[in-house]
Structure formats: structure tokens, C-alpha cells
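Examination of the molecular architecture
Spelled out from the first residue to the last, the chains are:
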Amino acid sequence: MTSWQAIRLVMGREIRERSRSGAFIASVAITLLLVAAVLFLPLIFADDDVHYELGVVGEGNQAVIDSAVALANSPGRNVRTSIDVIPFSSRDAAERAADTEEVDGVLMDGREFVVRGAGGEAGGELESLLQRGARSVQIESLVASGAGQVVEILTSAPLDVRSLSGADTDENSERSIIAFGGLMLLYMAVLLYGSLILTGVTEEKTNRVVEVLLAAFQPWQLLAGKILGIGLLGLCQFVGTVVLAMVGIELTGVVDLPAFPVDSLLVLLLWFVLGYSLFAVMFGAAGALVSRAEDAQSVVAPISLVAVAGFFIAIQAVNNPTSTLSVVTTFIPPTAPFVVPVRFAFQAVPLWQMAVSVAIMVLTIVVMTRLAGRVYLGGLLRFGSKVGIREAFRTAEL
């Protein structure tokens, strides 16, 4: 049997065993409940009425507003939406009103929507509502004229959105979603699936199953199979959760899904794989050091603290992706998986820094796999009290 065949057997076993475990089933149930809560609680506990004050300048605004209100108050929706129209004689006067928050935003000539600053309700829900209204007006115009540009209108934003603060609200919102979403995804994966690897190794030592497995597999094959099997299971769970969430968003209309840049998604996927691989190797080695589940938390605490530190450093990088701390932690393997995708999402990491960081990360994973494999081997057949890392490393057979 080749090494890859052995790893595949271990992978299959891990997927079957972990998918039937109470911890995995509970994590799936909790994830689905969280998705459902995010999608449906805003609809259940929403106010009876939603009211906006919208400034207008020029011609062509009323048709967009009427269409937006009609769409918001379509049959089957419990929340009633109204828009008070406040006319202004000049663009400057309207912008001053938006800047002082006298109005939630300004619609100009039925083609441009002006908000005070990036983000916020005025730049979010009201903008989305007016975009739908403007899109509906354009489609009605095309139908009346017999033109055939419906697809282009349905996939574009007919209103130009401008922020008085100079920020690009659409781009900033999309990149913030990518940054926060990727950060939370990796953080959850490290803690949840790292814990599954830790628990699996500890359970096999406790019930002495590892003695049978070592008769058929090399220690490094067991470790690799566990990491790949649990990682694949986790990836399937997260992909399924994302797909379910996107379908739910489309059905409920809670938010409008932005068009995410493909390069940011690919970088996020790359660092998800790299980050999971690094932390999974460390969790697997830590599990081999203990024989009881109650001792597991003591050996895994330093690894968890590193993940928590990386998470909070990445939060800082969201606010300031070019800071010295963000740049330095780009080249530190335990923090790079959290920081680099955030910096890339905001286009704040040069290509050379990305390349060097990936190279350091890959080299670290290779070295850590070698070291962790030896610790794993040295600790697997040591039962009873907790084994120290140095002792496990020193007593392992090469």
C-alpha cells in the first residue's frame, strides 16, 4: 500500500467518524441556527414602519421614488416603508442638508444618490431601495420602447452613489465584507476543526485504538490523514453554509449581495488552506502529548492564544491595513493567515510582500510538519501523565 493510499484510508475514516460525532452535529446545528437567526430575526422583529427623509434636486426623481416605495411595500411584506420627499433648489443646499443629517440622502436628477459618508443606513438600505426603484423604472422604459437591454440593467447599479466624505461606499462595503467574513471564517475553522483534531488524537490514545492503527499506518500518515480528512469535512460544511446563506438572502431580501472581486476570494481561499494547515499540525501534535480529555486544554492553550492574537491583530489591520504592526505580522506565520487577506482586501499589501509571506508560510508548514510528526510519534504511545514536548521529541524514533 502506497503512502497516499494509506492517507486516503485515514481520511475516509476521519470523515465517517467525525461526521457522526456529537460535536460535529452540534456545530452544524448551531451554524444553521445562526444563519437562520441572521436571515429571519430582522424580519420578525423589524419595526412596523420604516421611514426615510430624502432630499431631491432636479427632474426624474419621483418615478424612481414611487417605484422604490411600491417594491418595498409589495404584498407579503409586513414592514411598511415610506419616503418623505424634501425638494432643494440647488445641489449645494441639498449636499449641506445631507452633510448635517437633515436628510438621509439626496437623489439628483434620478441618476445620482448622495450620502454623508461611507456605510451607515443612508448608504445601505435606502440606497438599495432606490437602486431597485431606478432599475424598475429603466426596465419599464425598455419594455415600452421594445429594447433588449434588460439583462444589463438587472446586473448593474443604475444610480451613481457618491459620498460627501469622498469614500467609495460600494467598494468599501464589499471589501469590508470580504475582510471580516474571511477573518471570521479562518478564526472559526482554526478553533473548531483544530479542536476536532485534538479530540480525535486524545480519544484514540485513551481507548488504545492508536496501538491498532500504528500496526497498519506510519505515524505521519495518521497525522496527515486526520488533518486532510477533518479539513475536507470542515470545508464542505462552510461551503454548504455559505450557499445556504446566499440562497436565504436571495429569498428574504434582507441585504443585497455585492459582487465580490474574484482575486480577493482566491487569496482568501489560499490563506484559509495555509492557515488551517499550520494550526492543524500544531493541534495534532498537542493531542499526542496527553492521554485524557481533561488535560487537552492545558496543552492547547498556547496555540489558542496565538490564534486569538492573530484575530485581534487582523481587526486592527481592518482599521489601518498599512500600519507597522500590520506589515510586520504579514511575515509572521501564525498571524499572516489572519492579516494578509484583510490587507489584500483593502489593496494595502504589495505583491512582493504577498509572495514573501506565502513562501515563509509554506516553509514553516513543511518544517512544522516534520517537527510535529516527531512529537506526534514520541507522544502517541506514552500513556498516563502528560508528556512534555521536549521529552516526546527526544524519545521519538526517526
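Described below are features of the structure shown in this document. (Residues numbered from 1 in each chain as written. Predicted model: local features only at pLDDT ≥ 70, side-chain atom pairs only at ≥ 80, totals over all residues. Heavy atoms only, no water.)

Describing the pattern of salt bridges
Under the counting rule described, the total for this entry stands at 5 salt bridges. Salt-bridge contacts for E17 lead to R20; the nearest nitrogen and oxygen are separated by 3.4 Å. Note on R20: relative accessible area 56%, which makes it exposed. With its nearest N and O atoms 2.9 Å apart, the salt bridge here joins R91 to E112. Highlighted residues: R91 in helix α4 (residues 91-99) and E112 in strand β4 (residues 112-115), separated in sequence by 21 residues. On the accessibility criterion, R91 (35% relative accessible area) is partly exposed. (Salt bridge = Lys/Arg side-chain N within 4 Å of Asp/Glu carboxyl O. Buried < 20%, exposed > 50% of the residue type's maximum accessible area, 1.4 Å probe, protein only. Helix = DSSP H or I, 4+ residues; strand = E, 2+ residues; numbered from the N terminus.)

Regarding helix α13 (residues 336-345)
When you tally the buried positions in α13, you get 10 out of 10 residues, the bulk of the element. Within α13 the residues assigned to the buried category are A336, P337, F338, V339, V340, P341, V342, R343, F344 and A345. At the exit of α13 stands Q347, carrying a positive phi of roughly 55 degrees.

Quick word on the packing of helix α10 (residues 262-287) against α13
Contact geometry for α10 and α13: axes closest at 9 Å, N-to-C directions at 175 degrees. Between α10 and α13, the angle falls in the class roughly antiparallel. Residues D263, S264, V267, L268, W271, G275 and F279 of α10 form the contact with α13, whose own contacting residues are A336, P337, F338, V340, P341, F344 and A345. Taken together, the residues of the contact of α10 with α13 sort by class into 11 nonpolar, 2 polar and 1 charged. (Axes fitted to C-alpha atoms, helices over the stretch in contact; angles between N-to-C directions. Parallel < 35°, antiparallel > 145°, perpendicular 65-115°, else oblique. Contact = heavy atoms within 4.5 Å. Nonpolar A, V, L, I, M, F, W, Y, C, P; charged D, E, K, R; others polar.)

Function-wise, these values are silent; they only describe arrangement.
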